[in-house]
Amino acid sequence: MKTQGSAVWSGGIKDGKGAISTKSGALSSYPYGFASRFEGKPGTNPEELIGAAHAGCFTMALSLILGEAKLTAEKMETVAEVSLDKDGDGFSITAVHLTLKAKIPGATQEQFEKLTGMAKAGCPVSKLLKANITLDATLEG
């Protein structure tokens, strides 16, 4: 499977403006720039998109692994907090912290911890990132 995203940019780093699009159309010329990346202004940024991709990938991977263990989630919610830190003259994504809240009928805590660890290590986005990836997973009753 191959897919794509694209970006256009005009101007300098601080005064420039960009737009991000996805092949599916989920994002179509969606604005991004210095202000949305570093100053909390409206628009998106690459780290936010990586967080969404990682949360989605991890949660889908866990769904697959749960199915292999004959379990089905009633509900799973994952947040991926991406850390962008100064690194010499530039910046690096240094960490991603995944927070999962899941309701999985029939799952034991031991099973849950094992399966979430497998999903964290095995999802393709986790494999892509060089960042330190951590996980807090809560099995709700």
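Residues numbered from 1 in each chain as written. Predicted model: local features only at pLDDT ≥ 70, side-chain atom pairs only at ≥ 80, totals over all residues. Heavy atoms only, no water.

### With respect to the pairing of strand S4 (residues 75-87)
As a general feature of sheets, a regular strand has side chains that alternate between the two faces. Sheet topology places S4 next to strand S5 (residues 90-103); 13 bridges connect them, and they run antiparallel. Each bridged residue has a counterpart across the sheet, and for Asp 85 the counterpart in S5 is Ser 92. (Pairing = 2+ DSSP bridges. Helix = DSSP H or I, 4+ residues; strand = E, 2+ residues; numbered from the N terminus.)

### Here's the deal with the side chain of Thr 116
Looking at the secondary structure, you find Thr 116 in helix H3 (residues 109-122). For Thr 116, a relative accessible area of 3% gives the class buried. At 3.1 Å, the side chain of Thr 116 forms a polar contact with the backbone oxygen of Glu 113. When sequence neighbours within four positions are dropped, the list of residues in contact with Thr 116 reads Phe 58, Leu 62, Leu 100, Leu 135 and Ala 137. (Buried < 20%, exposed > 50% of the residue type's maximum accessible area, 1.4 Å probe, protein only. Polar contact = N/O pair within 3.5 Å; in protein donor to acceptor, adjacent residues only side chain to side chain. Contact = heavy atoms within 4.5 Å.)

### Points about the pattern of salt bridges
Counted by the stated rule, this structure contains three salt bridges. Of the charged contacts in the structure, one is a salt bridge between Lys 75 and Glu 77, with a shortest N-O distance of 3.0 Å. The exposure class of Glu 77 is partly exposed, given its relative accessible area of 45%. (Salt bridge = Lys/Arg side-chain N within 4 Å of Asp/Glu carboxyl O.)

### Side note on the packing of aromatic side chains
Under the counting rule described, the total for this entry stands at three aromatic pairs. A ring pair is formed by Phe 34 and Phe 38, whose centres lie 4.9 Å apart and whose planes are at 45°; its orientation type is tilted. Of this pair, Phe 34 and Phe 38 both sit in helix H1 (residues 34-38), four residues apart, roughly one helical turn. Owing to a relative accessible area of 17%, Phe 34 belongs among the buried residues under this scheme. Relative accessible area serves as the criterion here: at 37%, Phe 38 is assigned to the partly exposed category. (Phe/Tyr/Trp six-rings, centres within 6.5 Å; stacked < 30°, edge-to-face > 60°.)

### Overview of the nonpolar core
Phe 58, Leu 62, Leu 66, Val 96, Leu 100 and Ile 104 are the most contacted members of the largest nonpolar core, which has 25 residues in total. Elements with a contribution of two residues or more to this core: helix H2 (46-68), S4, S5, H3 and strand S6 (132-139). Non-local contacts of Phe 58, meaning those with residues more than four positions away in its chain, are made with Thr 78, Leu 98, Leu 100, Thr 116, Ala 119, Lys 120, Cys 123 and Leu 135. (Core = buried A, V, L, I, M, F, W, Y, C linked by side-chain atoms within 4.5 Å.)

### Quick word on the sheet that holds S6
One open sheet holds the three strands; their spatial order is S4-S5-S6, and the pairing between them is mixed. Each end of this open sheet is capped by a strand with a single partner; those strands are S4 and S6. The average undirected angle you get between the axes of adjacent strands in this sheet is 15°. The sheet contact formed by S5 and S6 spans eight bridges and is parallel. Directly across from His 97, in S6, lies its bridge partner Thr 134. Each of S4, S5 and S6 is contacted by H2, which is oriented at about 140° to S4, the strand it contacts most. Across the sheet, H3 is in contact with S5 and S6; its angle to S6 comes to roughly 150°. (Axes fitted to C-alpha atoms, helices over the stretch in contact; angles between N-to-C directions.)

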